[in-house]
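In case you want the letters, here they are:
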Amino acid sequence: MSTGTRTDHAALFAILSSLADNKLAIGRRYAYWSNGAPALEAAVAAAAMTQDELGHARTLYPLLDDFIQAEADPSQVEPMTRTLNYALAYLDNDFQGWSDFVATNFLMDTALTTFFEAAQNASYEPLRQRARKIVQEERIHQVHGEGWVRRLAKAGGAVHAALVGSLERLWKETLCWFGPNDDPTMQQLYNEGIIDATPDELRSRYLQKIMPTLSSLDIEVPVSFNATTKRWELSQPLPWDTWNAVARRLG
Amino acid sequence: MSSTSGTSGTSGMTPESSAPARRETLNESRVWHVYARRKFEEPLHEIGNVMADDVELAKVYARSIYDEFTWIEMVIVPRDSIVTVIET
């Protein structure tokens, strides 16, 4: 328990809760594959990434105790007693196959990293410190995700189909995680200098990161390249009618 | 996105399936020798190898597997690029 003065910031408390829950959920899902990957080398890499993800969650949960919002139910700031779940619905169940691991690595983990990149100069120091370290550690995760998307896509047949299916099931929820552009939570973080981009700008930065790989492999997603702005842009609306703004997940 | 969907039961893609099936589905055939050193005054020396057809994945694997020391340099060399000079 913190003995100092607690901060009153519902928006930051909400985002930190979501970041921690997603990191924990990713770590737990990765862990299952630490001895089940298609090759020994991949299993070792999965184990290393599991440690990283659980470590990120471990550094984020203690921050929640610094907020007044934690006083309503102190059990919710401890991962062992927390009953709320602000992780993506996609992470609720065990991965159905290695392609779910790869899709999570490539899509969801990269989306969270896009947020942390935007928080590297955050006015809230504890997040700034963690964001810089997480971004550094996530570089190798991104290389791993891109590499495995290439491997599965080029394998063809059922393996390629499994990858596309996994990407498809995670696609919309990942893009929604940044929130609609008028999301009051993210907008408050932006206006207060905690992140340096609006939800739409975060989503755009994210698309510029993942689209070169998907485009080079002819994996079709509802994104088009704007020749004028030289940027990838979403070509279909996101399902905001099923978006849960509190839990930051679909359904 | 294409209409293809579903991942369960894909041969060689689930943790319960046999190792030979996985290797057959995603066979890694390229061997990379891993060299590293801990001090600038040391030469690079071979510390092991990894198998990966993708060079970027080979780099990830080398870093993940051979992380027992804080190396100042690590390189990987594809086995098929090595030219034998003497062989007895």
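This structure is a prediction, so every number in the text was calculated from the model and none was measured.

### A few points about the overall build of chain B
Counting its secondary structure elements, chain B contains two helices and three strands. Its helices and strands taken in sequence order, chain B reads α-β-β-α-β from the N to the C terminus. Counting over 88 residues, chain B shows a buried share of 24%.

### Describing the packing of helix α4 (residues 125-155) of chain A against helix α2 (residues 55-65) of chain B
Here α4 of chain A crosses α2 of chain B at 135 degrees, and the two axes come no closer than 8 Å. What the angle tells us is that α4 of chain A and α2 of chain B run oblique. In the packing of α4 of chain A onto α2 of chain B, the handedness of the crossing is left-handed. The residues of α2 of chain B that touch α4 of chain A, namely those facing Ile140, Val143, His144, Glu146, Gly147, Trp148 and Arg151 of chain A, are Glu56, Leu57, Lys59, Val60 and Arg63 of chain B. Looking at side-chain class alone, the contact of α4 of chain A with α2 of chain B contains five nonpolar, two polar and five charged residues.

### Structural notes on the nonpolar core
The biggest cluster of nonpolar side chains holds 89 residues, and the ones touching the most others in it are Leu16, Val102, Ala119 and Leu163 of chain A together with Tyr61 of chain B. The biggest single contributor to this core is helix α3 (residues 98-118) of chain A, with twelve residues. Every residue in contact with Tyr61 of chain B, bar those within four places of it in the chain, is listed here: Glu41, Val44 and Ala45 of chain A together with Val50 and Ala52 of chain B.

### Side note on α2 of chain B
Since the α-helix packs 3.6 residues into each turn, any two residues three or four apart lie on the same face. The element α2 of chain B is extensively covered by neighbouring structure, given that nine of its eleven residues are classed as buried. Within α2 of chain B, burial applies to Leu57, Ala58, Lys59, Val60, Tyr61, Ala62, Arg63, Ser64 and Ile65 of chain B. Tucked inside the fold, the buried residues of α2 of chain B contact α2 (40-64) and α4 of chain A together with β1 (31-37), β2 (45-51) and β3 (73-78) of chain B.

### Topic: the packing of helix α1 (residues 10-32) of chain A against helix α6 (residues 184-191) of chain A
All names here are of chain A. With their axes 9 Å apart at the nearest point, α1 and α6 run at an angle of 110 degrees to one another. The angle between α1 and α6 places the two elements in the roughly perpendicular class. Regarding α1 and α6, the two cross each other, and that crossing is left-handed. Where α1 abuts α6, its residues Ala11, Leu12, Ala14 and Ile15 lie against Thr185, Gln188 and Leu189. Here the contact of α1 with α6 is built from residues that sort into five nonpolar, two polar and no charged.

Quick notes on the rules
- Residues numbered from 1 in each chain as written.
- Chains lettered and ligands numbered in written order.
- Predicted model: local features only at pLDDT ≥ 70, side-chain atom pairs only at ≥ 80, totals over all residues.
- Helix = DSSP H or I, 4+ residues; strand = E, 2+ residues; numbered from the N terminus.
- Buried ≥ 20, exposed ≤ 12 C-beta atoms within 10 Å, placed from the backbone.
- Axes fitted to C-alpha atoms, helices over the stretch in contact; angles between N-to-C directions.
- Parallel < 35°, antiparallel > 145°, perpendicular 65-115°, else oblique.
- Left-handed = near helix turned anticlockwise from the far one by under 90°.
- Contact = placed C-beta atoms within 7 Å.
- Nonpolar A, V, L, I, M, F, W, Y, C, P; charged D, E, K, R; others polar.
- Core = buried A, V, L, I, M, F, W, Y, C linked by C-beta atoms within 7 Å.

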